[in-house]
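Structure assessment
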Amino acid sequence: MGSDPGRHERIRSNPPRHARPGHWKLTETPVVVEVGIPRTIADITPGWLTEVLRDGGFLTSDQVESVRFDPIGEGMGFVGDVARLYIEYSGGSDEAPPTLVAKIAVSNDEVRKFANRAGLYAAEIGFYTELGQNLGVRIPRFYYGATADGYFIILLEDLSHL
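Note that the coordinates shown come from a computational prediction; the quantities given were computed from them, not determined experimentally. (Residues numbered from 1 in each chain as written. Predicted model: local features only at pLDDT ≥ 70, side-chain atom pairs only at ≥ 80, totals over all residues. Heavy atoms only, no water.)

1. Focus on the overall build of the protein chain
Per the secondary structure count, the protein chain includes three helices and six strands. The burial tally for the protein chain puts 44% of its 162 residues in the buried class. Put simply, of all contacts in the protein chain between residues at least 6 apart along the chain, 55% involve residues at least 24 apart. On the protein chain, roughly 8900 Å² of surface is accessible, and the fraction owed to carbon and sulfur atoms is 51%. (Helix = DSSP H or I, 4+ residues; strand = E, 2+ residues; numbered from the N terminus. Buried < 20%, exposed > 50% of the residue type's maximum accessible area, 1.4 Å probe, protein only. Contact = heavy atoms within 4.5 Å. Areas by Shrake-Rupley, 256 points an atom, 1.4 Å probe, with all protein chains shown as cover.)

And the structure:
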């Protein structure tokens, strides 16, 4: 991650279909991209979500018009806050998910520092990008994950319809 406080690891296992030169490298390891990390669920904006979905190759022509959220298990997460995101796209996009599950680092500084020291946030991203697809069981699709400066976010497929 380096010492630059504006830089963070944005993890994705494959480059998007529309990768820009110099933005992605074809490697078998995670890539580093400059995108800010929301510190609360309420900080997830339509512009931010449009950018990460486009960078991941999940959104090409439309953009996120609005995003609202409902907490999941409010107050129950030890190291993270979780919410279901309800997303509306310009043009009524069929290519991107109408809902996602977002998990971010807990707001309590001491707990967040512990989770970082223990490697919990990086391990969760690693589970989805490196281990999960080899388990032989259905897990949520990974859309985005990042960690920097003690903060963390992961966007996953919403499986509440199952």
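Once you've had a look at it, read on.
2. As for the nonpolar core
Among the nonpolar cores identified, the biggest contains 25 residues, and W48, L49, L53, L85, L100, I153 and L155 are the most heavily contacted of them. Counting only elements with at least two residues in this core, the list comes to helix 1 (46-55), strand 3 (80-89), strand 4 (99-105), strand 5 (142-148) and strand 6 (151-157). Beyond its immediate stretch of four places on either side in the chain, L49 contacts V64, V67, I87, L100 and L155. (Core = buried A, V, L, I, M, F, W, Y, C linked by side-chain atoms within 4.5 Å.)

3. Some points on the packing of aromatic side chains
Tallying each qualifying case throughout the model produces five aromatic pairs. Plain terms: the ring middles of W48 and Y144 are 5.4 Å apart, the flat faces sit at 90° to each other, and that makes the pair edge-to-face. On the criterion of sequence distance, the pair formed by W48 in helix 1 and Y144 in strand 5 is long-range, its members being 96 residues apart. For W48, a relative accessible area of 10% puts it in the buried group. Taking 6.4 Å as the distance between ring centres and 20° as the angle between the ring planes, the aromatic pair formed by Y128 and F142 counts as stacked. A residue pair is termed long-range when its members are at least 10 positions apart, and Y128 in helix 3 (residues 120-131) and F142 in strand 5 qualify at 14 residues. Ring-pair connections join several aromatic residues into one group, and the members of that group are F127, Y128 and F142. (Phe/Tyr/Trp six-rings, centres within 6.5 Å; stacked < 30°, edge-to-face > 60°.)

4. Here we look at the pairing of strand 6
Of all the seven residues making up strand 6, seven are buried; the element is thus mostly covered by neighbouring parts of the structure. Where strand 4 meets strand 6, five bridges bridge the pair, whose relative direction is antiparallel. Paired with A102 across the strands is L155, a residue of strand 6. As defined by bridge partners, strand 5 adjoins strand 6 across six bridges and the pair is classed as antiparallel. Bridge assignment links G145 to a residue of strand 6, and that residue is I154. (Pairing = 2+ DSSP bridges.)

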